[in-house]
Amino acid sequence: AMAYGDDGHNLREVLATFKSCLDEKSEILMDPYLAGWKGLVRFLNTMGTIFTFVSKDAVAKIQIMEEFRSGPHKESYRTLQSMVSYEMANNLVDMKKNTERPVSGCRTILRLHRALLWLQLFLEGLRTGGTDCRTSVVCTDSYNASLANYHPWIIRKATTIAFCTLPNREAFFENMKVGSNEEAVEMLGEALPHIKKLYDITQELYSRHKLLDLP
Ligand code: 1PZ
């Protein structure tokens, strides 16, 4: 099993990175959150160049957040909670479209947060689907139940076409580099509740501050 993951796309480690995001006060640490996303992008890049338009957008958002994390207010971006407090208190969050304010951390993380719901639904669908379940169908259903609601027609179209190129469940699990199908299912069963917890905490945070519709 040592050989697996040496090429840097062992999904077990990526999902474990997300698990390490919660601190003792149930705050979400920015650095492992971004590291988790970087791992997902690495994994996505093994799925073929047709997903380049997706990984480019994810990378751009990760970079925006890394700049906040290395800038003059880096301490304010230590957790998602401290980011929200800091940006709200300093009037840095654009509530309307087409104003002059620079891109906020809050709106950037919101995009990744919405994508995390897609990830959770998709991997949960693969986990509970039968051996002959169609990856592209599971993926499309998860997308339609999450991200699609925020994407314009042209993106939905491109995304749906790209999904059709996904390999079958067995090959997909193989590409996760976590061992046999059974081990992959077991790993997902262990990891997904932690992803869901992160999602729920972020959703509650954004909802409490009325940030769920940031343009
Ligand atoms: C294994 C198959 C992977 C499929 C990936 C599924 C996600 C589809 C997302 C399609 C995104 C298309 C490109 C850009 C979209 C942006 O317009 C939006 C909104 O941002 P804005 O324009 O407001 O700045 N971006 C997003 O919704 C964030 C998308 C992040 C996707 C991360 C995917 C990570 C994949 C992990 C794979 C295991």
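The numbers attached to residues start from 1 for each chain and follow its sequence in the written order. Thresholds applied to this predicted model are a pLDDT of at least 70 for local features of residues and 80 or more for the giving and counting of side-chain atom pairs; totals over whole chains, interfaces and linings are not thresholded and use all residues. Derived side-chain values reflect all non-hydrogen atoms in the structure, with water molecules and hydrogen atoms excluded from consideration.

### Comments concerning the site of the ligand
Around the ligand sit 22 residues, and of these Asp-57, Lys-61, Arg-107, Arg-111 and His-151 come closest. Nitrogen and oxygen atoms within 3.5 Å of one another constitute a polar contact, given that in protein one can donate a hydrogen and the other can accept it, and given that sequence-neighbouring residues count only through two side-chain atoms. Arg-107 places a polar side-chain atom, nitrogen or oxygen, 2.8 Å from an oxygen atom of the ligand. With respect to the ligand, the side chain of Arg-111 contributes an N or O atom lying 3.1 Å from an oxygen atom. Contact with the protein chains removes 89% of the 850 Å² of surface that the ligand exposes when unbound. The numbering of helices and of strands both runs from the N terminus, where a helix is a DSSP run of H or I of at least 4 residues and a strand a run of E of at least 2. Going through the elements one at a time, helix 2 (30-45), helix 3 (52-70), helix 5 (105-128) and helix 7 (153-163) are the ones with two or more residues in the shell around the ligand. Across the shell around the ligand, the residue classes break down as 16 nonpolar, two polar and four charged. One heavy atom within 4 Å of a molecule or strand makes the whole residue count as near it. Each accessible area is a Shrake-Rupley result for a 1.4 Å probe, and residues are judged covered by the shown protein chains and nothing else. Amino acid classes used here: Ala, Val, Leu, Ile, Met, Phe, Trp, Tyr, Cys and Pro are nonpolar; Asp, Glu, Lys and Arg are charged; the rest, including Gly, are polar.

### Here we look at the confidence of the model for the chain
Note that predicted coordinates carrying low pLDDT should not be read in detail. For every residue, the predictor assigns a confidence score, pLDDT, that lies between 0 and 100. Of all residues in the chain, 96% attain a pLDDT of 70 or more, and the chain-wide mean is 94. On the interface metric, ipTM, the complex scores 0.98, and its pTM is 0.95.

### Some words on the nonpolar core
What is meant by a nonpolar core is a set of buried Ala, Val, Leu, Ile, Met, Phe, Trp, Tyr and Cys residues, joined one to another through side-chain atoms within 4.5 Å. Burial classes: relative accessible area under 20% of the type maximum marks a residue as buried, over 50% as exposed, and values in between as partly exposed (1.4 Å probe, protein chains only). With 62 residues, the main nonpolar core has Phe-18, Tyr-33 and Met-176 as its most contacted residues. Among the elements that take part in this core, helix 5 stands out by supplying 12 residues, more than any other. Beyond its immediate sequence surroundings of up to four residues, Phe-18 is in contact with Tyr-33, Gly-36, Trp-37, Leu-40, Leu-116, Ile-195 and Leu-198. Contact between two residues is taken to exist if any of their heavy atoms lie within 4.5 Å; hydrogens are not considered.

### Let's talk about helix 6 (residues 135-144)
A large share of helix 6 lies buried, amounting to seven of its 10 residues. Those residues of helix 6 lying buried are Thr-135, Ser-136, Val-138, Cys-139, Thr-140, Ser-142 and Tyr-143.

### Considerations on helix 1 (residues 11-19)
Along helix 1, the residues classified as buried are Leu-11, Val-14, Leu-15 and Phe-18. Buried residues of helix 1 fall within an arc of 90° about the axis and therefore sit on the same side. For helix 1, the side-chain oxygen to backbone nitrogen distance between the N-cap and Arg-12 is 2.7 Å, and the N-cap itself is Asn-10. Directions from the helix axis toward the C-beta atoms define the arc.

### A word on the packing of helix 5 against helix 9 (residues 181-208)
Axes here refer to lines fitted to C-alpha atoms; in helices the fit is confined to the stretch in contact. Angles between the N-to-C directions go from 0 to 180 degrees. Contact geometry of helix 5 with helix 9 gives a least axis separation of 9 Å together with a crossing angle of 150°. Compared by their axis directions, helix 5 and helix 9 come out roughly antiparallel. The two elements helix 5 and helix 9 meet at a crossing, and its hand is left-handed. Contact with helix 5, carried on its side by Gly-105, Cys-106, Ile-109, Leu-110, His-113, Leu-116, Leu-117, Gln-120, Leu-123, Glu-124 and Arg-127, involves Val-185, Leu-188, Gly-189, Leu-192, Ile-195, Lys-196, Leu-198, Tyr-199, Thr-202, Gln-203 and Tyr-206 of helix 9 and no other residues of that element. Of the residues contributing to the contact of helix 5 with helix 9, the split by class is 13 nonpolar, six polar and three charged. By the definition adopted for this analysis, an angle is roughly parallel if under 35 degrees, roughly antiparallel if over 145, roughly perpendicular if from 65 to 115, and oblique otherwise. The crossing is said to be left-handed when, going from far helix to near helix, the turn is anticlockwise and less than a right angle, and right-handed when the turn is clockwise.

### Comments concerning unusual backbone geometry
A positive phi angle, close to 60°, is found at Ser-26, a residue other than glycine. Residue position: Ser-26 is located in the loop between helix 1 and helix 2. For Lys-210, which is not glycine, the phi dihedral falls at a positive 55°. Relative to the helices and strands, Lys-210 is located in the segment after helix 9.

### Concerning the side chain of Arg-69
Relative to the helices and strands, Arg-69 is located in helix 3. For Arg-69, a relative accessible area of 17% translates into the label buried. The contacts of Arg-69, once residues within four sequence positions are left out, are Met-30, Asp-31, Lys-74, Glu-75, Tyr-77 and Arg-78.

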